[in-house]
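Notes for the structure review
Here is how the chains run, residue by residue.
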Amino acid sequence: MAGLSFCGNNVTKNAYSVDTGMLNNGCFVDALNLVPHVFLLFITFPILFIGWGSQSSKVQIHHNTWLHFPGHNLRWILTFTLLFVHVCEIAEGIVSNKQMDTNHLHLFMPAFMGFIAATTSVVYYHNIETSNFPKLLLALFIYWVLAFITKSIKLWKFAEYGVGVLHLRFCITALLVVLYGLLMAVEINVIRVRRYVFFANPQKVKPPEDLQDLGVRFLQPFVNLLSKATYWWMNPLIIGAHKRPIELKKIGKLPIAMRALTNYLKLKDAYEDQRQNAEDPEKAPSIWRSMYRAFGRPILLSSTFRYLADLLGFAGPLCIYGIVEHLNKKPVKEGSVVPYFEVYFMSSNELLQNTSVLAVLLFLALVLQRTFLQASYYVTIETGINLRGALLAMIYNKILRLSTSNMSMGEMTLGQINNLVAIETNQLMWFLFLCPNLWAMPVQIVMGVILLYYLLGTSALIGASVIVLLAPVQYLIATKLADTQKSTLDQSTERLKKTTEILKGIKLLKLYAWENIFCDSVEDTRGKELTSLRTFALYTSMSIFMNAAIPIAAVLVTFVSHALINKSKPSSSEAFAALALFHILVTPLFLLSTVVRFAVKAMVSVQKLGEFLQSDEIGDDSWRNGDMSVSLEACKKHPGATKAINRKQPLLYQMDNYEQPARRPLRPNETEDVAVKVNGGFFTWGSNLSTLSDINICIPTGQLTMIVGQVGCGKSSLLLAMLGEMQTLSGKVYWSKLPVSEMLHEANSKNRYSVGYATQKSWLLNATVEDNITFGSPFNKQRYKTVIDACSLQPDVDLLPFGDQTEIGERGINLSGGQRQRICVARALYQNTNIVFLDDPFSALDIHLSDHLMQEGILKFLQDDKRTVVLVTHKLQYLIHADWIIAMKDGSVLREGTLKDIQTHDVELYEHWKTLMNRQDQELEKDTEIDNCQTALERKTLRRAFYSREAKNQVDDDEEEEEEEEEEDDNMSTTTSRRSKIPWRVCWQYLSSGGFLMVFLMVFSKLLKHSVMVAIDYWLAEWTANGDGPVNGTAYDDVPVNGTANGDVPVNGTANDDANGYAPDFGNVTRDFVNASAAAVFSNRTNSAAGLPDSYYVPVFIILCGAGIALCLITSLTVEFLGLSAATNLHHNLLNKIIHAPIRFFDVTPLGQILNRFSADTNIIDQHIPPTLESLTRSTLLCLSAIGVIAFVTPSFLIALIPLAVSFYFIQKYFRVASKDLQDLDDSTQLPLLCHFSETAEGLTTIRAFRHESRFKQKMLELTDTNNTAYLFLSAANRWLEVRTDYLGAVIVLTAAVASIWSSGKNLPSSMVGLGLTYALTVTNYLNWVVRNLADLEVQMAAVKKVNSFLSTESENYEGSMDTTQVPEDWPQHGEIKIQDLCVRYDPLLKPVLKHVNAYINPGQKVGICGRTGSGKSSLSLAFFNMVDVFEGRIIIDGIDICKLPLQTLRSRLSIILQDPVLFSGSIRFNLDPERTCTDDRLWEALEIAQLKNMVKALSGGLDAVVTEGGENFSVGQRQLFCLARAFVRKSSILIMDEATASIDMATENVLQKVVMTAFADRTVVTIAHRVHTILEADLVIVMKRGNILEIDKPETLLENEDGMFASFVRADM
C-alpha cells in the first residue's frame, strides 16, 4: 500500500482522521469529488452498451445527424473546455505529487475520473440527441448538479483556509465550478424549452427539410462540432471511393441554404435594396456592398477562426523556447505546503517550467491551431461557392433580359459573356477565399515583430524591415508571371486554330502531300509559345528562389546587428524562438503579393460585372414579366420549379401561374380574327434610325400569312418587332386574347401565349435530337412522328448511331446546315403554340425537301390545327398557297392583301413576281437534280462519319484510359488495387521525354541541396552544444508553408482546386535556408565558452550557406526546364505521329478527342506538371530529412514511427482515389454549365419567343448546383486530408518532444533537442503537401498517358521500296493506268471494299465511274494515292507500281478534287499553292479555268485576299471552284474528280465540264459521278457494285444494253 495510498501515508499525520469535521479533511473532499463521476459512469455505460436499436425516433430520416436540442454547440464548446481544464488539473496534480514524500493519489485521481466522465457525458448526450430519446437527459442533469455541488464545497474550503489566486489549484477549481454551472444551465434550458423529462407533453419537433430529403448528401452543416471540425462524416464517401468510383448520384444534391437560388435571392435583395434606397436612382448599386450584405457574416466568422489560428501559431516558438530553456535545469519551487491540507500547492508559473507539460501544451496548441485554420478555409470556400452560384444566377437572368440589339450590334459579344461566366465569377470566388488573409496578415506581422523585439531587442526590427523591403520584388515577379501566362495563352490559341484546320482538312493534305508544310507552320507557332513558356519557367524559378533568399537576408541582418549592438550572443532558447518567429513572419509577406494581385483582379471583375448588369434590357412590356425573383415558399412546394415573378406586382398575384406570363392586356375593341396587329410602328435596332418605318399590318388568325421581299428589306426584323425584340420608337403591337370561355377549355391543349419560332440561322441545343424537337414539351409519339415526317428527318435520324437519342451540337455530332434547319422547323411545329413564325425555313433546303415541308408541314400539319402561321420566304412559287401576303421593301410595307387583291390592284408587282416565278421554275428543273444530290450528299457525309466510327462504337475519351472500368465483373480486389496505384510507368515516360541529363541533374541537385540543409543544421547544433551557444537555427520552421495563406489558393494563378500552384513553394525553400543563414550568423560570435574557437566554425558555415543558396537556384531552374524539355518533346512527337497517321485513324477517332490532346492535355503538360513535380519532390525530401534527423537525435522515436507511417499510408491511399474522382466530377460538370450559358446567349430570341425563360433558368440553377456540389465535396475532401495529416504531424511533434525529454537525462545536449523539435515542426506543414501533390500529379499524369496512347499509333509507310532518284522527274508523263486484280480494305480487321478489280485506262482517256452509294467508287480513287490498305494486286501507272513509291513522291505527282471543298485560312495564293512554287501567271490561269478570275480580281488584295477559317467568306459553290483551281495549278497528267461538282449549279457545271475536256485534253481524267449525265461524254464508263466492276465499256455501248445497270441509272436521272 505504501506506494499507492489514496491520501498518501505520512506517518506523522493521520491522513484519514476526521476529528476536525468531515469536510475539513482535504482528502475527504477530494474523495467526495469522485462520487458524481462514478455515478455517471455507472448509469450511462449500461445504456450505451445496450444500444439504441429499440428506441429509434418516430420521424424517419436517413441520417443520424439530426441535432435539435437547444444550446447544442454551446454544450460542445463547454465540454471541450472542461476536458482541457481537466487535463491541466491532472498535470498540476501529478507535478505537485512529485514534490511530496509519498504518493497522494487524491491529487490527480478525481481529475482523471472527471476527464473520463466528461468524455462519457458528451458521447452519451450525442446518442440521446441523434436517437431522439430526451427522457434520458435526466441522468446528465443529475450529474451536472452533483458535480457543481462537490466542486463548490472544495472551492469554499480552499477559500476558508487561505488558498488564493496565486495558487494554481484554486484557479482550476474555480474554473471547474463555473463550467459545471454553465453546463447545468444548458441542461435546464433544454428541459425548459422543449418541456422534456418532467413535463407530460413534450414539444414535437420536425427535422429540417434537408435531412428528410434522402438526396442531400452534403452533411457539413448538420453534423456535430467534432464531426464538423474533423470532417468525420466524409469517411464513408472517401473510403467507399476505393471500391467503386464516386458518381454524381453519390454526392447527391446541395442543402437548400447552399443552392444557387437561395444565394441569388440573398444577393439580389441586397442589390435591389440599394437601388431603392439610393438618393440618385441613376447611380448603379455597388456590387461590393451587396456582396458584403449577403455574405458578410460567414466571412467575419472565418476571419475569427483565422485570428485564433494565427495566435495559436505563436505557441510553437514559445513552447520550444520553454522546453530548451528548462530542459536541464531543476525547476524553482515557488509553491508551498498549506497546513490543514498537508499537500503541496504550486504556483501558476511553476507548471509552465515543466518540460513535459510544455510538450503536451505544444501538442494541444498545434491540434487547435490546425483545426481553426481548416475551419477558416472551409467557411471561406463555402461562402465563395455560394457567391459564385449567386453571381451566375444573376448574370443568367441578365442574359435573358438583354436587348437583342446589344447582342447584334456587338456591344456584348458572346466572348464577353463567356468570360464573365468562366473567368470573372471565378476571380471573385478566389478573392473571397483569400479575403481573410487581407486582415489576418497585418495582425500576424505586428504580433510577430512585437515578440521578436521582446526576444532580441532593436536588431529584430532591422531584420523585419529587410523582409518588408524585399516584398515588392516578389510582387513584381508575380505580376510578370501573370503577364507571361497571358501571352502564352494567345500563342496556344493560335496554335490550336492551326491544328484544328489541319485535322479538319487532313484528307486533302495527305492527298496533296502537304502535311509537312502545315506541320511546320504549327511547329513555328509552337516555337513562339515555347519562348513565352521559357520566360514563364524562368520567372517561376526566380519566384521560388526569391522565397528562399528573403528569410536568409532577414536573419542575417538581424543577428549581425544584434552582435554589433549588444556585443553578446543570444542564449540558445532565444535564438531558437527568434528563428521560429521569423518564419511565421515570412509566410504572410510572401502571400501578401498574391493576395494583393487577386484583390486587384477582383476589382476589375466587379467593374466588368457592374457594367454588364447595367447594360440595356429588352423593352419591359407589360407581357414581358419574366423576372425571376423567386419566393422560397414557391420553391418548396414545387421542388425544382422556378416561379417567374414580376417585381412590379404585389406577391399575391404572382403565385398562381408561373408557366407563361400573359402576353397582352385585352383590348375590347379588337376584332377576334386578327392574331397580331401593328399600328404606326417605327422600330429600330438600337440607333435612333428606324430600321422599320410606318408599319401597319394585321396577321389574320388561323391563316397562312407570307412575307416576301428582297434580301435585306426587313422581313426578319418585322417578325422580331412583333415579338418585341426590337426597340419601339413609336406605334403599338397588339396581340389578341382568347375569349375567357375558350381559354378555360383550351388551357390544357395549347400554350396560348408563346410563339413557335424558327430562326433563319438555325440554333440547336447540345442535347439529343428528340430533346431539340420536343424542347421541353411533353412527348407525344403520334405528333412527334408526324412532325419528323413533315420535315423529312426520318432518313437522317436513321443514319445517326443512336437514332433520335444521338447527342448533337458541340459535344455531339455535327449536322449539316439543312439538317439543322429542318430540326429547328420541326421544333416550331411540334410546340403546341397558337402562332408559328417561320423565318425563311427553306433557305438551306433543296427543292424536294422544301416542297415536302410546304405540303406536309405547313399546309397540312399547321393549317389542320388552325394555327396562325407567318412565313418569310424567297420562294415565290408558294405564294399561291398564302391566305394573306405582306410585301416589303426597304423597311416598310409595300402591299398587303391576298394574291387576288395584289393581282387586281398592283399589276406591276404581280408581273414582276411572275417573271421571277418563271425564272424560279426554270431553275427548279435544273435544281431538282442538284438539290436531290445535295441532300443525298449530306446524308452520305453523315453516313461516312458513322460507318467508320461504328467499328469503335463511339469510343469516348474516358473509356480508353480507364481500362479499369471495363472489367465490370465485381472482382473488387483488382479494381481497388488498380485505382490506388500510382502510375509510375507514366511518370517515367514523362521524365525520360525530358532527357536523361536533366533528370540526373534534377535528382542530384535536389538530394545535394537537402543534404546541405541538414548539414548546416547539424553543424549549428554541434557548435551551440559548445557552451551555451545558440541552439539551432531551424526552429523557425513552424511555418505552415503555403497553407496559411489559404488552403485553397492558386497562388500563381494556376487555379487548380487548391493551390497546386506555387503556393506550396513559398516557404518550403525558405525553411531550407533560414537555418543556413542563421547558422552563418551565429558563427560570427566571439569564442564560445568552451571547445573549439569560432574561427573554426565560421568558414565552414559560410561555405555551407553559399552552397545552399547556389543549389537552391539550381534546383528551382532544373525542375522547370526539365518540364519544359519534356513538354517540347511530347508535343513534337504527338504532332508528327498524328499528322502522319493513316487516314483510317481519323475515321475512327473523333476529332474532339484528338483536339483535346492538343489543347487541355498539352496545357497540363506545359504549365501544371512542373510546379507540381517541384513541390512534390521538395516536400517529400523535407519530410524524409526531418524524420531522419529526429531519429538520429532520439532513436526511440522510430518505434512510434511505425504506427504513424501505417496510418499515413492509408490516409493518402484513400484520399488519392477519392480526390481523383471528385476532380473529374468537377471538370465534367463545369463544361455543361458553360455550354448552357453560351447556348442561351445564342438562342435568346428563340427562347423568348417560345416563352421558355423559366425552364432555362431552372436548368441553369440545376447545372450550377451540380457543379457546386462537386466542388464543395472536393474542397471538403481536401480539408479531410489536411485535418488528418495535421493531427499526425502534431502526434509526431509530441512523440519527438517526449522522446527527447526522456533521453535528455542521458547527456543529450539541449541544442540537439532543439534540432529534433524544429524538424518535427516542419513535418506538420509538409505532410499534407506530399499527399495533395501526389494526388494532383496523378490526375495530371493522365494527360501524359493520353498523349502517349496516341504516340503508339502506326504511321503510314512513307519510305516505299524505291528510291526517289529512280523515279523520273516528269513521271507520270503519259497517264496510262493498269489496275490488276486489286483488293483494298480500310483496315486489316475489316472486310475488303474492293474485290479483285481489273481495268486498263489509256493515256489521255476520260473515264467515268458510277455506282450506288457504298459501291466502292471513292475507295478506288483513294487507292490511286495509296491511302488505303492494298493487300492484293497492284496499280501500275506509267510502268511503276505505285505501292513501291515513297508516298510523298506519289501524292505530289497526281491531283484530285474531293467532294467536300476544304479551304484553309490564309491568302488565296496560299490555298492554291502552299509550297510557293508557282508564278502568278500560272495561278491566274488556273483561276480563269475555274471561272473565278473576275471574282478574285474584284477582291481587295487579289491573290493575297484573305480566306477566313474554313473558307466561310465564300459560298460552297465558290469553294468548290477554288478546289478545282487548286488541282489545275498542279499540272499532273492524271486528275481524279471525286463527285467534285456536287455543290455547283448546272450552268457553272456545264462550263466546267467543257473546260475539263479542253484544258485537260491530253491528260487522263477519272471522274466519279453521282449524276450520270455528267459522264455521258466520257471515253470509258465503269459501273461498280459492292466493290466489283459490273460493267466497263464505252457509254454508247452500255446504253444499248437495256437491262444494264448503266442504262437504268441514266433512265432514273433523266
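Rules behind the numbers
Residues numbered from 1 in each chain as written. Predicted model: local features only at pLDDT ≥ 70, side-chain atom pairs only at ≥ 80, totals over all residues. Heavy atoms only, no water. Helix = DSSP H or I, 4+ residues; strand = E, 2+ residues; numbered from the N terminus. Buried < 20%, exposed > 50% of the residue type's maximum accessible area, 1.4 Å probe, protein only. Contact = heavy atoms within 4.5 Å. Areas by Shrake-Rupley, 256 points an atom, 1.4 Å probe, with all protein chains shown as cover. Core = buried A, V, L, I, M, F, W, Y, C linked by side-chain atoms within 4.5 Å. Pairing = 2+ DSSP bridges. Axes fitted to C-alpha atoms, helices over the stretch in contact; angles between N-to-C directions. Phe/Tyr/Trp six-rings, centres within 6.5 Å; stacked < 30°, edge-to-face > 60°. Salt bridge = Lys/Arg side-chain N within 4 Å of Asp/Glu carboxyl O. Patch = residues over 30% accessible without salt bridge, like charges linked within 9 Å, V, L, I, M, F, W, Y side chains within 5 Å. Expected span 1.5 Å × (residues − 1).

Along its length, the protein carries 52 helices and 23 strands. The burial tally for the protein puts 58% of its 1614 residues in the buried class. Sequence-distant contacts, at least 24 apart, represent 81% of the contacts inside the protein between residues at least 6 apart. Carbon and sulfur atoms make up 60% of the accessible area of the protein, which totals about 65000 Å².

Now for the nonpolar core. Counting 118 residues, the largest nonpolar core has Tyr990, Ile1138, Ile1165, Leu1382, Ile1468 and Phe1522 as the members making the most contacts within it. Considering each element in turn, this core owes the most residues, nine residues, to helix α37 (residues 1094–1139). When neighbours within four sequence positions are excluded, Ile1138 is seen to be in contact with Leu503, Phe1145, Phe1146, Ile1154, Phe1158 and Phe1350. Ranked by size, the runner-up nonpolar core spans 88 residues in total, among them Met258, Leu434, Ala1218 and Val1331.

This part is about the sheet that holds strand β14 (residues 1406–1411). Read across the sheet, six strands follow the order β17-β20-β21-β14-β22-β23 without closing on themselves; strand pairing throughout is mixed. Two strands bound the open sheet, and with one partner strand each, they are β17 (1455–1457) and β23 (1588–1593). Neighbour to neighbour, the strand axes of the sheet diverge by 20° on average, direction disregarded. Note that strand β20 (residues 1534–1538) and strand β21 (residues 1564–1568) share five bridges and pair parallel. Directly across from Ile1534, in β21, lies its bridge partner Thr1564.

Here we take up the packing of aromatic side chains. Tallying each qualifying case throughout the model produces 32 aromatic pairs. Pairing Trp144 with Tyr180 gives two aromatic rings, centres 6.2 Å apart and planes at 40°, and the pair type is tilted. Separated by 36 residues along the polypeptide, Trp144 in helix α4 (residues 137–160) and Tyr180 in helix α5 (residues 168–194) bring together distant segments of the chain. On the basis of relative accessible area, Trp144 is assigned to the buried category, the value being 1%. Taken together, the ring pairs connect Trp763, Phe775, Phe1250 and Phe1256 into an aromatic cluster.

All told, the structure shown has 34 salt bridges when counted by the stated rule. Between Glu247 and Lys249 there is a salt bridge, and its shortest N-O distance comes to 3.7 Å. Looking at Lys249, the relative accessible area reads 66%, which means it is exposed. Arg1279 is paired through a salt bridge with Glu1282; the nearest N and O atoms lie 3.2 Å apart.

This part takes up the sheet that holds strand β15 (residues 1429–1437). Ordered in space as β13-β12-β15-β16, the four strands form an open sheet in which the pairing is antiparallel. Edge positions in the sheet fall to β13 (1394–1401) and β16 (1440–1441), since each has one partner strand and no second. Where β15 and β16 come together, two bridges link them in antiparallel fashion. Bridge assignment links Ile1436 to a residue of β16, and that residue is Asp1441.

What follows is about the pairing of strand β5 (residues 704–708). For a regular strand, the rule is simple: side chains alternate between the two faces of the sheet. Counted residue by residue, β5 has five buried out of five residues, so it is predominantly covered. Neither face of β5 is left uncovered, since the one carrying Leu704, Met706 and Val708 and the one carrying Thr705 and Ile707 both have all their residues buried. In this structure, β5 lies alongside strand β9 (residues 868–872), joined through four bridges in parallel fashion. Bridged to Thr705 within β9 is Val870. Sheet topology places β5 next to strand β10 (residues 884–889); four bridges connect them, and they run parallel.

Notably, Ala513 is not glycine yet its phi reads approximately 55°, a positive angle. Relative to the assigned elements, Ala513 resides in the loop between α18 (506–511) and α19 (515–566). One non-glycine residue with positive phi stands out, namely Asp1381, at about 50°. Here Asp1381 is to be found in strand β12 (residues 1377–1385).

It is worth spelling out helix α22 (residues 715–722) at this point. The periodicity of an α-helix, 3.6 residues per turn, causes residues three or four positions apart to be oriented the same way. For α22, the buried fraction is high: seven of the eight residues fall into the buried class. Of the positions making up α22, those classed as buried are Lys715, Ser717, Leu718, Leu719, Leu720, Ala721 and Met722. One or two positions beyond α22, positive phi appears at Gly724, with a value near 85°.

What follows covers a nonpolar patch on the surface. A grouping of Leu138, Ile142, Leu146, Phe198 and Phe199 is seen on the molecular surface, where their side chains present a nonpolar patch of about 410 Å² in accessible area. Note that Phe199 resides in the loop between α5 and α6 (209–212). A relative accessible area of 34% means that Phe199 is categorised as partly exposed.

With 27 residues, α5 should reach 39 Å at 1.5 Å per residue; the first-to-last C-alpha distance of 39 Å fits that figure. Just downstream of α5 lies Arg195, where phi reads positive at about 55°.

Another point: the pairing of β12. The sheet contact formed by β12 and β13 spans five bridges and is antiparallel. Residue pairing across strands places Lys1378 opposite Tyr1400, the latter belonging to β13. Bridge count between β12 and β15: seven bridges; the pairing is antiparallel. For Cys1383, the partnering residue across the bridge sits in β15 and is Glu1432.

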